[in-house]
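Structural features, examined
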Amino acid sequence: MRYISVVKADAYGHGMPQIVRRLMQSGVDYFAVANVHEAADIRHMGMGWPILILSALLPEEDRFLIDYELTPTVSTPEEAQRFNSLGEHHQRAIKVHLKIDTGMGRLGVWHEAAAQLLKTIQELPHLHLEGIYTHFSSADSDIEFTHTQRERFLAALPKDSEGLIIHADNSAGLDSLSGDSPFNAVRVGLLQFGVPPYPNSALGRAKVEPVFSFHARIGLMKTLPKGTDISYGRTHQLQRETIIGILTAGYADGIPINLSNKGYVLVDGHRCPVLGRVTMDQTIIDLTDVETAKPGDAVILIGQHNDGEITTSEFSETANTIPWETLCSVTKRVPRVYVGSREL
Ligand SMILES: Cc1ncc(COP(=O)(O)O)c(C=O)c1O
């Protein structure tokens, strides 16, 4: 089984160079990214790694396929012709992966029309069909539909797929992947970072370990009287005399505004609620019950301390979003600290 490592969006916010360098030492067979610019970043780290572009290429980006030896996704006859012309112009074969839309309704040739496009690609002299893939829309929530997508994909594959890379499963798809799968590659993003794709995922229960934690600091503490309104819009009124802590981070760092009056942070093992609206650079929390707290202390937004833990999944659910978005939303302003990766 080949491992196609999805590292788009700055490796899901973790930092492309650090993550990719580590993955290059970890048995990855192929990298997958969203666009040619992300692919170029990987190519500058090393020649020889195959790189698949998952999104559609803009016409002016075609030359990157040659410059950086990249593999585009083909969904339409027009794309096939375009990449074939490029190959002809440069007198070389362009490696492509055909994508089949089995129910995602996004990229890919509709599965009932796949045979025709497959034939077109095979007949074009400057294309080399290296792989065929599909993408699941609901592998985290609808096993039956995922099964339907698998069936449609299997039916659309050529009779003889010997030598082709056949892939479908994302993180959630792995849960329902059976041992006798005819696919010979997986295409995984989220799970690589130790985040399960949904709460009860079998792989999640197997206790994958998150590589990411998210911290802020207490910038200032002060005591305010009962009845004081907190933050913009006065959406919280103190129910008791309260020691508030003002964190040095807000939505401009990746703390979602949806955590206003809903989220928690861990301070020295205590769960402290977010008070009032999260602001651009500062977030207010209740520190009344944390005797040890002092300005400068680190607080955990996502992570673990002793028995306490706020997972990326919990954080995302409270903020009414998904782990993928949470990871991609930690902004440039937040310094990334890589622990236990001295060789990076
Ligand atoms: C086409 C494609 N394949 C694979 C993945 C990886 O999915 P996951 O992060 O759920 O493993 C994605 C993620 O968005 C994707 O768009």
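First things first, this report covers the structure right here in the doc. What you see as residue numbers is a count from 1 along each chain, following the sequence as written. Only residues with pLDDT of at least 70 get local features here, since the model is predicted, and only at 80 or more are side-chain atom pairs given and counted; chain-wide, interface and lining totals rely on the full set of residues. The basis for every side-chain value is the complete set of non-hydrogen atoms in the structure, without hydrogens or water.

A few points about the pairing of strand β7 (residues 127–133)
Of all 7 residues in β7, 6 are buried, a share of seventy percent or more. Strand pairing is defined by DSSP finding a minimum of two bridges between the two strands. A helix here means a DSSP run of H or I that spans at least four residues, while a strand means a run of E at least two residues long, and both kinds are numbered starting from the N terminus. Here strand β5 (residues 94–101) runs beside β7; their pairing, made up of 6 bridges, is parallel. Within the sheet, the bridge partner assigned to Leu98 lies in β7 and is Ile132. Where β7 lies against strand β8 (residues 165–167), 3 bridges are found, and the strand directions are parallel. Bridge pairing in β8 links Ile132 to Ile166. Here the term buried applies to any residue with accessible area under 20% of the maximum for its type, exposed to any over 50%, and partly exposed to those in between, with areas from a 1.4 Å probe on protein chains only.

Structural notes on helix α6 (residues 114–123)
Among the residues of α6, those classed as buried are Ala114, Leu117, Leu118, Thr120 and Ile121. For α6, the buried positions fall inside an angular range of 160° around the axis, keeping them on one side. Residues of α6 that are exposed and point over 90 degrees away from its buried face: Ala115, Gln116, Gln122 and Glu123. Throughout, a residue-residue contact means that at least one pair of heavy atoms, one from each residue, lies within 4.5 Å. Contacts from the buried residues of α6 go to β4 (73–74), α5 (77–90), β5, β6 (109–110), β7 and α7 (143–156). Directions are taken from the helix axis to each C-beta atom, and the arc is the one they span.

Examining α5
Each full turn of the α-helix corresponds to 3.6 residues, which orients residues three or four apart in the same direction. Given a helix with a known number of residues, its expected span is that number minus one, times 1.5 Å. For α5, built from 14 residues, the straight-helix expectation of 20 Å at 1.5 Å per residue is met to within 8% by its first-to-last C-alpha distance of 20 Å. Those residues of α5 that sit buried are Glu79, Ala80, Phe83, Asn84, Leu86 and Gly87. Buried residues of α5, seen end-on, are gathered within an arc of 155° and therefore sit on one face of the element. Seen from the buried face of α5, the exposed residues on the opposite side, beyond 90 degrees, are Glu78 and His89. Looking at the buried residues of α5, the elements they touch are α4 (63–67), β4, β5, α6 and β7.

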